[in-house]
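# Observations on the model geometry
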Amino acid sequence: MYAEAKRVNHSAIVLAVDFSSTLGQDRGLLDFNNKLLFMHVVNAVKAVAEETIIVTSSQEQSEKYRKVAGSNVKFAVAPALSNDPFMGALTGFEMAAGK
């Protein structure tokens, strides 16, 4: 028998496509209270969404986040040369299974 697929009612899309020129590094990878900043966001949205999608600007960035986030988080890469938050959101919407 096949396992029944879990129904997803709500998806959370986390945009991590922007590199901070002011800080000189990826903001999501900054340590805040002994946890990376993006993990604070991932943990917060788990309370309201069954699916979490992090949209990054490159495969390399996705791999850095994936090492910390684990297997319960999905990743999508925004189109090349796009730091536009609308394109990042659209990329996440296309992957989302929930509302």
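Look up: the structure comes first, before these words.
A short tour of the structure in this document, coming up.

Reading guide: rules and limits
Residues numbered from 1 in each chain as written. Predicted model: local features only at pLDDT ≥ 70, side-chain atom pairs only at ≥ 80, totals over all residues. Heavy atoms only, no water. Helix = DSSP H or I, 4+ residues; strand = E, 2+ residues; numbered from the N terminus. Buried < 20%, exposed > 50% of the residue type's maximum accessible area, 1.4 Å probe, protein only. Pairing = 2+ DSSP bridges. Right-handed = clockwise from strand over helix to strand, strands pointing away. Axes fitted to C-alpha atoms, helices over the stretch in contact; angles between N-to-C directions. Contact = heavy atoms within 4.5 Å. Salt bridge = Lys/Arg side-chain N within 4 Å of Asp/Glu carboxyl O.

### Examining unusual backbone geometry
A negative phi angle characterises most non-glycine residues, just as the trans form characterises most peptide bonds. The backbone phi angle of Asn-33 is positive, close to 55 degrees, even though this residue is not glycine. Within the fold, Asn-33 resides in the loop between β2 (31-32) and β3 (35-36). A relative accessible area of 60% means that Asn-33 is categorised as exposed. Positive phi values are uncommon outside glycine, yet Asn-34 reaches one of about 65 degrees. Residue placement: Asn-34 occurs in the loop between β2 and β3. Assessed through its relative accessible area of 75%, Asn-34 is described here as exposed.

### A short note on the pairing of strand β5 (residues 73-77)
Bridging between strand β4 (residues 51-56) and β5 involves five bridges; their strand directions are parallel. Paired with Thr-52 across the strands is Val-73, a residue of β5. In this fold, the crossover linking β4 to β5 by way of helix α2 (residues 59-69) has right-handed handedness.

### Section: the sheet that holds β4
As a general point, the strands of a sheet are linked pairwise by backbone hydrogen bonds and lie either parallel or antiparallel. Taken in spatial order, the three strands of this open sheet run β1-β4-β5, and their pairing is parallel. Looking at strand neighbours, the two that pair on one side only are β1 (11-16) and β5, the edges of this open sheet. Along the sheet, successive strands turn relative to each other by an average axial angle of 25 degrees, direction set aside. Relative to the sheet, α2 contacts β1, β4 and β5, its axis offset from that of β5 by approximately 170 degrees.

### Some thoughts on the pattern of salt bridges
Taken as a whole and judged by the stated rule, the model has three salt bridges. The shortest N-O distance in the salt bridge between Lys-74 and Glu-51 comes to 2.6 Å. Within this pair, whereas Lys-74 is found in strand β5, its partner Glu-51 is found in strand β4, the two being separated by 23 residues in sequence. When its relative accessible area of 38% is taken as the criterion, Lys-74 is described as partly exposed. Put simply, Arg-66 and Glu-63 hold a salt bridge, and the shortest N to O gap is 3.5 Å. Of this pair, Arg-66 and Glu-63 both sit in helix α2, three residues apart, which is roughly one turn of that helix. You can call Glu-63 partly exposed: its relative accessible area is 35%.

Just geometry here; none of it tells us what the structure is for.
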